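# Tertiary structure, described
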Amino acid sequence: MVGEMHQDMKRRDLLQMLIQIVSKEDAVEIQDEAAIAIANVAKDFGNKADIRKAGGVRALVKLLESPDPDVKRSSALALSHLLNDFSNRSEVRSANGLRPLLDMLSSDYPEVQENALNSLLQCTEDHLNAREVHKLGGVRKILDYTAMPQVEHISLALLVLCNLLDEQDAILALMEAQGLQTLVKLVNHDDSKVRQSSCTAIVKSCKNLDAQHTLREIGLLSALGTNLQSSDILVSSSAAAALGASSKNEKTQNEVLKLAVIETLLKQLGHEQNVVRREAMGALAVLCSNSKIRLKFKGLDAVNVALKLLGDDDVQTVVNSIDFLASFADDVTLKNDLIKQGVVGSIVQCLDKSDPNILITGLTATGRFALESEGQQAISKLPKAVSRFVELLSHPNPLVCKASAYCLGNASQYQPNAVTACGSGAIEQLLNLSAHLGKNSINFAGEALQKVLKYDVPVKYRLQDRLDSDNQIADGFYDMGHRGTTNTFPNLPELQKLPVDNRREVILVDSKEDPAFLELVNSITQSIQGSSAIEAVQKIALRVADVMGGPVAPEQLADFQFKFKITELKVKLQSNVIPIGSIEVGTFYHRALLFKAICDRVAISPCTLIRGDYNRAWNIIDFKRISLPGSPETKWSPDVPPGPAIVDLMFEPGSLLPTDSQKADAYRRIE
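As a starting point, this report considers the structure included with it. (Residues numbered from 1 in each chain as written. Predicted model: local features only at pLDDT ≥ 70, side-chain atom pairs only at ≥ 80, totals over all residues. Heavy atoms only, no water.)

All right, on to the sheet that holds strand 3 (residues 506–509) then. Taken together, the 3 strands give an open sheet; going across it, the order is 2-3-4, and neighbouring strands pair in mixed fashion. Two strands lie at the open edges of the sheet, namely strand 2 (477–479) and strand 4 (577–579), each paired on one side alone. Neighbouring strand axes in the sheet, compared pairwise and without regard to direction, differ in orientation by 30 degrees on average. Across 3 bridges, the pairing between strand 2 and strand 3 is antiparallel. What sits directly across from aspartate 479, in strand 3, is isoleucine 507. (Pairing = 2+ DSSP bridges. Helix = DSSP H or I, 4+ residues; strand = E, 2+ residues; numbered from the N terminus. Axes fitted to C-alpha atoms, helices over the stretch in contact; angles between N-to-C directions.)

All right, on to the packing of aromatic side chains then. Counting across every chain of the model gives 7 aromatic pairs. Summarising the aromatic geometry, the rings of phenylalanine 588 and tyrosine 667 are spaced 5.2 Å apart at their centres and angled 75 degrees between planes, so their arrangement reads as edge-to-face. With a gap of 79 residues between them, phenylalanine 588 in helix 38 (residues 588–602) and tyrosine 667 in helix 39 (residues 662–668) connect regions that are remote in the sequence. The pair phenylalanine 588 / tyrosine 667 is uniform in exposure class, with both members buried. Aromatic side chains phenylalanine 651 and tyrosine 667 sit 5.7 Å apart centroid to centroid with 75 degrees between the ring planes, which places their arrangement in the edge-to-face category. With a gap of 16 residues between them, phenylalanine 651 in the loop between strand 7 (644–647) and strand 8 (656–658) and tyrosine 667 in helix 39 connect regions that are remote in the sequence. For tyrosine 667, a relative accessible area of 2% translates into the label buried. One aromatic cluster is present, formed by Phe560, Phe562 and Tyr589 through successive ring pairs. The lysine or arginine in question, arginine 611, covers the ring of tyrosine 461, its NZ or CZ lying 4.0 Å from the ring centre. (Phe/Tyr/Trp six-rings, centres within 6.5 Å; stacked < 30°, edge-to-face > 60°. Buried < 20%, exposed > 50% of the residue type's maximum accessible area, 1.4 Å probe, protein only. Lys NZ or Arg CZ within 6 Å of the ring centre and 35° of its normal.)

If you want it as structure tokens, here you go:
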């Protein structure tokens, strides 16, 4: 036994003398006493590094191979006191000390075995050491130790095994050595610590799907069911953890249904100890991925209990409770019942917590509920929910950002949420997220961005220079030009407050505020009645060109003084924002915007607006799919392209230019 350390033992010269004795003395009695003295000195954390630097760790490793069991015991004891210093763990590996520690498990002396196991337990907390122990046959040697008669430290050996099982190769080695059968047998051991440790090892093993199937086939579930009833809270909670880990496949879940374990787990949710509540809820969350098991919760109070546990102080309990509630999102009927119970609001409240795991789980769960309209509408009724999603897009943890983008994207499929998101800076945040995170992050941020932009057409056009047929130009649309390098997107009221400057004008499309535009739309609507879709397109093109200054010959384009007229309008209106109906001289981008706005109002589809460089913009209509409600059947002629074509609004208004033609290329770019 190691006694209390005398003050003189802290003297550096005495420490060095002890290491000298251990290194050079051959008498086993002196080696034993010196190793015990070093163990005593090593109790002071400040001495641990000094012992290593003086060669003490390597000297002790050498003594592990002594033929004398007392020397083995004392040297392993000294190492166990040194190994909560991380550098000492690496030193043992580099000194080839892992193999002799493993060999000591076959000793006839329990104290030697115990000290070796304590040293191995700390060593294998270092993943490089754990990997090396596995390569040295550590899994097999630990299993052999547990099979020895009357061994006293099986629980300790199983904890070492747990450290090894972080590696998939070690799990495979365990399966090859029939170790799963050993673990199931030990789940029924008389010693509660052994039962607990074997359950922990089973949890680690279940990272392998084949291991889950094997454990089911060799009777694990019934053994766990018995341990769930244990009065020892560590045994019952570890059994719940093992049940959850081993039940991540449908076959095992169906077997669980035949047992009475779900009722036991539900009862444990009310236990006074955190660890019991946590593991019980974790197991239930896994089991609820099975639709048959979910139905068992109808009429039970489990959902209300889970909602209550969202306020638990234990982080993992909260995470497990969210996962449990989210599992119901896979069933439309049950999901809608939970939404009516206020589950979405309760989960969103968890997003005010700071723990990243709670945030990731809460955002992902909310996103799952938001896949359907009921969940989206529930989110819209929570005052700060969407703005919190946006705020979390800038969280330092990239997994929180990813979950937030997923949640925001789903919620934004409902227009009020998308509008709130845009007003909260979602577009800027998603663009920043795309720019600063890795390739995978760009994908999820981009997907969320597309969903948000569907409901903010002005920003979509500024950002992407394109509006497709389903991007309708409604009243209140404004075109502020290409974004350039900026990620700022001022709204219309902000733009209207700015003093007149020399930047490109902002074009406003709003029939309620622009009588000239409204009159033009009404006039065109009347003029195209009875026309075919193609005739209507050409009539609109001619009117757009006419109100915007008429045709312009390509060679006279450089002399077309639209900028001067635009500046006059800005000064006259004392605003950078100009109603589109007030523009009398307009170039490509004015005309293309007006054409798209009119087509959307008279329901000509599909009509696309694309912005190019150097003030160019154009409209593409796919004449193979063109439609106009109430129009007569189209009469095809050689002049009508059989597919997508640009509608000329500048040079020969009304001409249709197939997108793959030279004329279309000339229209899109400066020669």
